Amino acid sequence: MAQNLQKKPSKGILKTSRSVDGQDGMPSTSKRAKEQRFDEMNIMETFHPPNKDYGHMKVDEPKTPYSEAVDSDMEPGDELDANILAAKLAASMNKPPKCVDMSDSDEDESEDARQRRLEFEKKRKMHYNEFQALQLARQLMAQEEEEENEDKDQATST
């Protein structure tokens, strides 16, 4: 085996580089930097064939009828008057918003309907008391832990 290590290979295992060879097969002597060249016509023919439509559809429908002249022809009566607008704003300052305006439906309600509504509101308040329920749950858990600790202390002392 030592004999094989002493021998030199007759031929190298690496391929000779042909990237620096010229077009005639001879190595080029110019010191030009490597550059890439693309055959643009081949790329166009390969990736953009003339008969391929790429899924685009041609829509043969007429345009939506819309007249821009309607928006641009504002009549003088349509313009806002600053004085009238200020007066309307001042008048509405004293009124509460319509969404907050309390209706007089309480007076129109019958006694039975009013009683059912008040009962419903009471039940709803009782149902949505999550904060108090959480506080109560924490207290109960703390009491249970204290009782368990007391039971363990009594069991270890006896």
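Note: the structure precedes this text.
The structure presented is a predicted model; accordingly, all values stated were derived computationally and were not measured.

1. What to know about the overall build of the protein
- Assigned secondary structure in the protein consists of 7 helices and 0 strands.
- When the elements of the protein are put in sequence order from the N terminus, they spell out α-α-α-α-α-α-α.
- Among the 158 residues that make up the protein, the fraction classed as buried is 0%.
- Total accessible area computed for the protein in this model is approximately 17,100 Å², and 54% of it derives from carbon and sulfur atoms.

2. Here we look at a negative patch on the surface
- Negative charge collects at one region of the surface, where Glu 144, Glu 145, Glu 146, Glu 147, Glu 148, Glu 150, Asp 151 and Asp 153 lie side by side.
- For Asp 151, the position within the fold is in helix α7 (residues 130–157).
- Overall, Asp 151 belongs to the partly exposed group, its relative accessible area being 49%.

3. Observations regarding the pattern of salt bridges
- Under the defined criterion, the tally for this structure stands at 6 salt bridges.
- Salt-bridge contacts for Arg 116 lead to Asp 112; the nearest nitrogen and oxygen are separated by 3.6 Å. One end of the pair is Arg 116 and the other is Asp 112, both in helix α6 (residues 111–127) and 4 residues apart, which spans about a single turn.
- Using a relative accessible area of 55% as the deciding quantity, one classes Arg 116 as exposed.

4. Here's the deal with a nonpolar patch on the surface
- A surface patch of nonpolar side chains, amounting to about 340 Å² of accessible area, comprises Phe 38, Ile 43 and Phe 47.
- Its location among the elements puts Phe 47 in helix α2 (residues 40–47).

5. Digging into the environment of Arg 37
- Counting through the fold element by element, Arg 37 comes out in the loop between α1 (2–6) and α2.
- Among the polar contacts listed, one links the side chain of Arg 37 to the side chain of Glu 35, at a separation of 3.3 Å.

Basis of the calculations
- Residues numbered from 1 in each chain as written.
- Predicted model: local features only at pLDDT ≥ 70, side-chain atom pairs only at ≥ 80, totals over all residues.
- Heavy atoms only, no water.
- Helix = DSSP H or I, 4+ residues; strand = E, 2+ residues; numbered from the N terminus.
- Buried < 20%, exposed > 50% of the residue type's maximum accessible area, 1.4 Å probe, protein only.
- Areas by Shrake-Rupley, 256 points an atom, 1.4 Å probe, with all protein chains shown as cover.
- Patch = residues over 30% accessible without salt bridge, like charges linked within 9 Å, V, L, I, M, F, W, Y side chains within 5 Å.
- Salt bridge = Lys/Arg side-chain N within 4 Å of Asp/Glu carboxyl O.
- Lys, Arg positive; Asp, Glu negative; His and termini not counted.
- Charge placed at Lys NZ, Arg CZ, Asp CG, Glu CD.
- Polar contact = N/O pair within 3.5 Å; in protein donor to acceptor, adjacent residues only side chain to side chain.

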